[in-house]
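Here are the chains, one letter per residue:
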Protein chains: 2
Amino acid sequence: MSSEASGVRVIGLWPSPYVIRVLIALKLKGVEYEFVEEVVGRKSELLLKSNPVHKKIPVLLHHGKPISESLVIVQYVDEVWSSGGAPAILPADPYTRALHRFWAQYIDDKLPPAIRTLRATDAAAGDKDQAAGQMSAALQLLEEAFVKLSQGKQYFGGDSVGYLDIALVSHVGWVKAVEKMAGVSLLDRAKVPKLVAWADRLCAHPAVADAIPDADKFVEFSVKYGSFSKPINSGAK
Amino acid sequence: MSSEASGVRVIGLWPSPYVIRVLIALKLKGVEYEFVEEVVGRKSELLLKSNPVHKKIPVLLHHGKPISESLVIVQYVDEVWSSGGAPAILPADPYTRALHRFWAQYIDDKLPPAIRTLRATDAAAGDKDQAAGQMSAALQLLEEAFVKLSQGKQYFGGDSVGYLDIALVSHVGWVKAVEKMAGVSLLDRAKVPKLVAWADRLCAHPAVADAIPDADKFVEFSVKYGSFSKPINSGAK
């Protein structure tokens, strides 16, 4: 199905983890889309009109109707493209769904502030150490959650890529980039071996590989556009 | 169905808007539950064991299995008790669901910080003015959202109480309390007439009336336990 046929456009910027989520969900479902790239530091008329409340990316336009907030969009994609053999993103069991939603929220509470501090050229060394510590503690809990939820299988979603896989892997590009930028070890095979193996596996998945560029590209982006304690335009949710 | 038969327990404190949500969802579904009341400023062993990540209320225990985060719990309740004539909480249409989820997240981003500032005995008058302004702006947007989503019917959910109704009404007790405490007008019939009528209607609904005490009780609670810029134990999500 072409993007014209699917009627799907995504307004975004490639380095935004929240945009990456939307792209992964669409790729998993096999839905073609048109990517409408924003310019860093500017907000297009289309963006302002489509998300007047937050004025942030990503926005998914479906036959012209706008949807904002990345996790809301991922659930929308899952619900709209649910038949015809498309893989389910949310688990079928309500309790497992609740755990995926819980951890996805946890990730968005904990990871972005730590990444922002570790990227920031204006953050003190002490603040960076603290952010690295908080990130490591969060990854440790996510390692434990992975053991419980994957039940020995490949993904948080078991045999298939699930909601929580998407929520977490979308941050992996920046996690690897700040490891280089701040000289810290976060996805550390000695501490979170299962999560490291999961990230390697998932980043090679056809629905994910194209959506997440190499860590060096994120570093380049940070150097080019600056990185301060405040989020860039793409610091949306 | 008795609470023993339903296997449902809720760990909470009555003034928490996040706890109120869970109670409303259960009442709407006609699910009996046991309310396990926490003591202010202390965290029970049961709470610490049930929500070791955030150590916050509410927690719903279903046959002993814990679920945390109020909006995650409301969705869980909707998904588990979906048959036997129980009313649906999430709208059936994916786009409308996305709008309910979007606005629920908006509410939790905007209202609690403003309420906290307006309750706080240690906040400056200027900060309170700013918080009241932010709250009024948010309520104005929610008035407009109500017009779109209710389509001339009673609730955000149309003819029945929906996800967004629950997300917003849970804060109404505190909104009315801070109107008294800070001497400001927020749910103002001149500015947000439809929202005021909606709040009156919904607060009289049998599933809501018992869950939200009178504003004076919230004021008493604030006076008794103090109210600072930081949240109380019930400042969970």
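Predicted model, so just to flag it, every value in this text is computed and none were measured. (Residues numbered from 1 in each chain as written. Chains lettered and ligands numbered in written order. Predicted model: local features only at pLDDT ≥ 70, side-chain atom pairs only at ≥ 80, totals over all residues. Heavy atoms only, no water.)

### Comments concerning the packing of helix α8 (residues 172–182) of chain B against helix α11 (residues 215–225) of chain B
Residue and element names in this part refer to chain B.
And step 1. The N-to-C vectors of α8 and α11 enclose an angle of 70 degrees; their axes lie 8 Å apart at closest approach. In terms of orientation, α8 and α11 fall into the roughly perpendicular class. Crossing of α8 against α11: the hand is right-handed. From α8, G173, W174, K176, A177, K180 and M181 reach across to α11, where they touch A215, D216, F218, V219, F221 and S222.
And step 2. Grouping the constituent residues of the contact of α8 with α11 by class yields 7 nonpolar, 2 polar and 3 charged. (Axes fitted to C-alpha atoms, helices over the stretch in contact; angles between N-to-C directions. Helix = DSSP H or I, 4+ residues; strand = E, 2+ residues; numbered from the N terminus. Parallel < 35°, antiparallel > 145°, perpendicular 65-115°, else oblique. Left-handed = near helix turned anticlockwise from the far one by under 90°. Contact = heavy atoms within 4.5 Å. Nonpolar A, V, L, I, M, F, W, Y, C, P; charged D, E, K, R; others polar.)

### Quick notes on the relation of the copies chain A and chain B
And step 1. At an RMSD of 0.0 Å, chain A and chain B line up after a rotation of 180 degrees and a shift of 0.0 Å along the axis. One copy is carried onto the other by what is essentially a two-fold rotation axis. Across chain A, the smallest distance between a C-alpha and the rotation axis is recorded for Q105 of chain A, namely 5.5 Å.
And step 2. The fraction of interface residues of chain A whose copies in chain B are also interface residues reaches 100%, indicating that both copies meet through the same surface. (Least-squares fit on C-alpha atoms with pLDDT ≥ 70 in both.)

### Things to note about the interface of chain A and chain B
You'll often see interface size given as the accessible area lost when the parts meet.
And step 1. With 25 residues of chain A at the interface, the matching set in chain B holds 25 residues.
And step 2. Between chain A and chain B lies a buried interface of about 2400 Å² when both sides are counted; carbon and sulfur atoms form 65% of it.
And step 3. Between chain A and chain B we count 4 salt bridges in total.
And step 4. Between the two partners, chain A and chain B, sit 10 residue pairs in polar contact (both at pLDDT 80 or more).
And step 5. Elements represented by at least two residues in the side of chain A that touches chain B include exactly β4 (65–68), α4 (70–80) and α5 (94–119) of chain A.
And step 6. The element best represented in the side of chain A that touches chain B is α5 of chain A, accounting for 10 residues. (Buried area = accessible area lost by both parts, 1.4 Å probe. Salt bridge = Lys/Arg side-chain N within 4 Å of Asp/Glu carboxyl O. Polar contact = N/O pair within 3.5 Å; in protein donor to acceptor, adjacent residues only side chain to side chain.)

### Re the confidence of the model for chain A
Interpreting fine coordinate detail is not advised for predicted regions of low pLDDT.
Residue and element names in this part refer to chain A.
And step 1. Residue-level pLDDT values for chain A average 94, and 95% of them are 70 or greater.
And step 2. Across residues 232–237, confidence stays below pLDDT 50; counting only partners more than four residues off in sequence or on other chains, it has 27 contacts.
And step 3. Two summary scores accompany this predicted model of the complex, namely pTM at 0.95 and ipTM at 0.94. (pLDDT = per-residue confidence, 0-100.)

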